[in-house]
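Architecture and fold: a report
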Amino acid sequence: MKTINRLMTNICSTKLLESKNFYVKLFDFNIDYDSDWFVHLISKDKQLELGIIDKKNEIVPTDFQTNPNGFYITFVIDNVDEVYEIAKKEKFKVISEPSDTFYGQRRLLLEDPNGALIDISSPIPNV
């Protein structure tokens, strides 16, 4: 079996500053590296990472410089409603306000500055 030492999602973007602000304001991320082509975010406990890369940068193959389809990123947090209040205050694009799901999660959907669907969920206690 192959051991995974690290897994990091990188979001391709033409809006690095807006994307950095979106993820830092909503989640427990510190800015670990910040440049004009790449931003590396890391959780305060250093367990989770998110990269944001300029999609026109030479290291991104040309065929992959368009917006991807058919995926979304889920963040599981303690309190969706707190993040919803931040999203409203910051005027982030809300796709679906927090609601309880049939599978025991409270769920909020946002669109990030790059057009990616962001699912923010919290377990509903005792479900």
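Everything here concerns the structure above.
These figures come from a predicted structure and were not determined experimentally. (Residues numbered from 1 in each chain as written. Predicted model: local features only at pLDDT ≥ 70, side-chain atom pairs only at ≥ 80, totals over all residues. Heavy atoms only, no water.)

**What to know about the nonpolar core**
Put simply, the rule is: The nonpolar core is taken to be a set of buried Ala, Val, Leu, Ile, Met, Phe, Trp, Tyr and Cys residues, with the residues joined through side-chain atoms within 4.5 Å. Each residue's exposure class comes from its accessible area (1.4 Å probe, protein chains only) as a fraction of the maximum for that residue type: buried when under 20%, exposed when over 50%, partly exposed otherwise. Helix and strand assignments come from DSSP, with helices taken as H or I runs of at least 4 residues and strands as E runs of at least 2, each series counted from the N terminus. We call two residues contacting when some pair of their heavy atoms lies within 4.5 Å.
Grouped together as the largest cluster of nonpolar side chains are 24 residues, with contacts concentrated most on Tyr23, Leu26, Phe27, Phe75, Leu110, Ile118 and Ile120. Going through the elements one at a time, helix H1 (16-26), strand E3 (38-43), strand E4 (49-54), strand E5 (72-76), helix H2 (80-90), strand E7 (105-111) and strand E8 (117-123) are the ones with two or more residues in this core. Contact partners of Phe75, with chain neighbours within four places excluded, come to Tyr23, Phe27, Phe29, Leu50, Ile118, Asp119, Ile120 and Ser121.

**Description of the pairing of E4**
Test applied: In this description, strands pair whenever DSSP reports at least two bridges between them.
Burial analysis of E4 places 5 of its 6 residues in the buried class, which makes it a mostly covered element. Where strand E1 (residues 9-13) and E4 come together, 5 bridges link them in parallel fashion. Bridging from a neighbouring strand, Asn10 pairs with Gly51 of E4. Alignment of E3 against E4, held across 5 bridges, turns out to be antiparallel. If you follow Val39 over to E4, its bridge partner there is Ile52. What sits between the antiparallel neighbours E3 and E4 is a turn of 5 residues, in which Lys46 has the positive phi angle 65°.

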